[in-house]
Amino acid sequence: MNIKTFKGKTEEEAMAAAKKELGENAVKMASRQVESKGFFKKLFDVPMWEVTAAVDEPDVYERAPQRKPVPDKAEARYMPSQNVSYNSELLFEEKKTENGGSVIEQKLDTLKKLFEEQIKELGQAKVSEEAKEKAEEPESELPDKNIAFLRLIFHQLIENEVDEKYVNQIITEIESSLKKEADVSKILANFYQKIVLKLGQTKTLEVISGKTRYVFFIGPTGVGKTTTIAKLAYSLMEQKKAKVALLAADTYRIAAVDQLRTYAEIMNIPLYVIYSETELAEQEEELQKYDVVLVDTAGRSHRNKEQRDDIERLIRSVPAEAREVYLVLSATTKYRDLVKIAETYSEIAEYRLIFTKLDETGTIGNIFNIKMLTGAPLSYATNGQNVPDDISRMDPQNVARQLLGGGK
């Protein structure tokens, strides 16, 4: 029997976490309400529930493994420096404004003013009380304004639908590195730096002369795979002068093939239709004359194992060194569903992440959440239906700025 303890803001949330990890057959053995400890008790004062659950060992092995589990503690390379550098080549691509200033510094200054205005509106009564209690813990003394500022950032990230466990992780890492005299600018810069680091470097399609690359687009129905493929096809042709072919493997939906055929005719590029991995092999010699072959796979249910196996066989029919896989997700999909989709497709192949429909949502926390969950590189983002427009390389700096409330 496997026995573990889980925590949540409610008893139901803690039990849901238990079932997520141990499986639906997990049984609650005990539960109790516990107080938050340390920094978070003083800062947020949120009571927690602790549930002890158990499951028979065989059920544990039946669970689908995650692709890359997120560590509970940050690795050493994520620890911010007390002297934040805005021109680090590892973090930011430095750009200058017309007056010679740094664009990054300009963005941070805007965010600083925004948060300072919000701090003034908070009132100091409750903040002072928390600061007084905080002062009783010498190892983590912070001025009143810094406590208020951390509180604001916490709520800002939660409002942007960043998973609370990731918010707590970031704040713990930031708080442990802060000096008592740290000002608002340095705290904000540390958050900005931390988020950019965790988002990592964006990876997009590269054209390698003399080598045909097969690029598979996978994901559920209705996320905009076909439209995304058309946008990328045009970009590769116009910007990189690549020879591009389209390949439709989504023969379950006639409309999807017709849509792709329309795009192919408009762009004057070839379209091939296949029904199995065997037919793909038969077309190999013909496809060798193209730099990039963009493959539109069927939008399948992540719950249907047979359909998932079809996609996996198709992808694995191409050697690993000749293929790339992109998981296309909608930014409007519920986080719980995104988790299941991402974990299911992780069993099929390693992938990069494309997020669509950013124009249809006011929050982008799920981009950060899924990046943290899977460890997969971010790639492209789309913000509309216009072809070939409305697609761009995912910019970690802009994502971090929006998560912190700085707008687009």
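Shown above is the structure to which this text applies.
Source: prediction; values computed, not measured.

Novice: Please explain the overall build of the protein chain as it appears in this structure.
Specialist: Each helix and strand counted, the protein chain has 16 helices and eleven strands in total. Classification of the 408 residues of the protein chain by burial places 49% in the buried group. For the protein chain, the proportion of contacts with a sequence separation of at least 24, taken over those separated by at least 6, is 75%. Summed over its atoms, the accessible surface of the protein chain is roughly 20,700 Å², and 47% of this surface lies on carbon and sulfur atoms.

Novice: When you look at the environment of Lys 165 in this model, what are you seeing that I'm missing?
Specialist: In this structure, Lys 165 sits in helix H7 (residues 164-177). Linking Lys 165 and Asn 369, residues 204 residues apart in sequence, is a C-alpha distance of 9.7 Å.

Novice: Whenever I open this one, the pattern of salt bridges confuses me. Can you help?
Specialist: Pairing is possible between side chains that carry opposite charge, provided their charged atoms lie close to one another. For the structure on display, the rule yields eleven salt bridges. The salt bridge partner of Glu 164 is Lys 9, with a shortest N-O separation of 3.2 Å. With Glu 164 in helix H7 and Lys 9 in the loop between strand S1 (2-8) and helix H1 (11-22), the pair connects residues that are 155 residues apart, well separated along the chain. Glu 164 gets classed as partly exposed once you look at its relative accessible area, which sits at 23%. Lys 9 gets classed as partly exposed once you look at its relative accessible area, which sits at 40%. Across the pair Arg 261 and Asp 258 runs a salt bridge whose closest N-O atoms are separated by 3.3 Å. Here Arg 261 and its partner Asp 258 are both found in helix H10 (residues 254-267), three residues apart, which amounts to about one turn of the helix.

Novice: How should H7 be read in this particular structure?
Specialist: Since the α-helix packs 3.6 residues into each turn, any two residues three or four apart lie on the same face. Taking 1.5 Å per residue as the helical rise, H7 with its 14 residues ought to reach 20 Å, and the 20 Å between its terminal C-alpha atoms agrees with that figure. Inspection of H7 places Tyr 166, Val 167, Gln 169, Ile 170, Ile 171, Glu 173, Ile 174, Glu 175 and Ser 177 among the buried residues, and these make up the whole buried set. Two or three places before Lys 165, at the start of H7, stands the capping residue Asp 163, its side-chain oxygen 3.0 Å from that residue's backbone nitrogen.

Novice: Help me understand the packing of helix H8 (residues 184-199) against helix H16 (residues 396-403), please; the structure alone is not making it clear to me.
Specialist: For any two helices packed against each other, the geometry comes down to the angle between their axes and how far apart the axes lie. One way to put it is that H8 packs onto H16 with a least axis distance of 9 Å and a crossing angle of 130 degrees. Comparing their axes, H16 and H8 come out oblique. Between H8 and H16 lies a crossing of right-handed hand. Contact residues: H8 offers Tyr 192, Ile 195, Val 196 and Leu 199, while H16 offers Pro 396, Gln 397, Val 399, Ala 400, Arg 401 and Leu 403. Its residues placed into classes, the contact of H8 with H16 shows eight nonpolar, one polar and one charged.

Novice: Looking at this structure, I do not really get the pairing of strand S7 (residues 292-296). What am I missing?
Specialist: A regular strand carries its side chains on alternate faces of the sheet. Of all five residues making up S7, five are buried, and the element is well covered by its neighbours. Of the two faces of S7, the one carrying Val 292, Leu 294 and Asp 296 and the one carrying Val 293 and Val 295 are both buried. In terms of strand pairing, strand S4 (residues 213-218) meets S7 through five bridges, oriented parallel. Its bridge partner lying in S7, Tyr 214 is registered against Val 293. As paired strands, strand S5 (residues 244-248) and S7 are joined by five bridges and run parallel to one another. Its bridge partner being in S7, Leu 246 is matched across the sheet by Leu 294.

Novice: So what exactly am I meant to see when it comes to the sheet that holds S4 here?
Specialist: Through backbone hydrogen bonds, the strands of a sheet pair up, either in parallel or in antiparallel fashion. Strand order in the open sheet formed by eight strands is S6-S5-S7-S4-S8-S9-S10-S11, and the pairing between neighbours is mixed. The strands lining the two open edges of the sheet, one partner per strand, are strand S6 (271-273) and strand S11 (391-393). Averaged over all neighbouring strand pairs, the angle between strand axes comes to 25 degrees, with direction disregarded. The sheet contact formed by strand S10 (residues 378-382) and S11 spans three bridges and is antiparallel. The partner of Tyr 380 across the bridge, within S11, is Arg 393. Lying on the sheet, helix H13 (residues 305-316) is in contact with S4, S7 and strand S8 (323-330); it crosses S4 at an angle near 165 degrees. Along the sheet, helix H14 (residues 335-346) makes contact with S4 and S8, crossing S8 at roughly 165 degrees.

Parameters and conventions
Residues numbered from 1 in each chain as written. Predicted model: local features only at pLDDT ≥ 70, side-chain atom pairs only at ≥ 80, totals over all residues. Heavy atoms only, no water. Helix = DSSP H or I, 4+ residues; strand = E, 2+ residues; numbered from the N terminus. Buried < 20%, exposed > 50% of the residue type's maximum accessible area, 1.4 Å probe, protein only. Contact = heavy atoms within 4.5 Å. Areas by Shrake-Rupley, 256 points an atom, 1.4 Å probe, with all protein chains shown as cover. Salt bridge = Lys/Arg side-chain N within 4 Å of Asp/Glu carboxyl O. Expected span 1.5 Å × (residues − 1). Polar contact = N/O pair within 3.5 Å; in protein donor to acceptor, adjacent residues only side chain to side chain. Axes fitted to C-alpha atoms, helices over the stretch in contact; angles between N-to-C directions. Parallel < 35°, antiparallel > 145°, perpendicular 65-115°, else oblique. Left-handed = near helix turned anticlockwise from the far one by under 90°. Nonpolar A, V, L, I, M, F, W, Y, C, P; charged D, E, K, R; others polar. Pairing = 2+ DSSP bridges.

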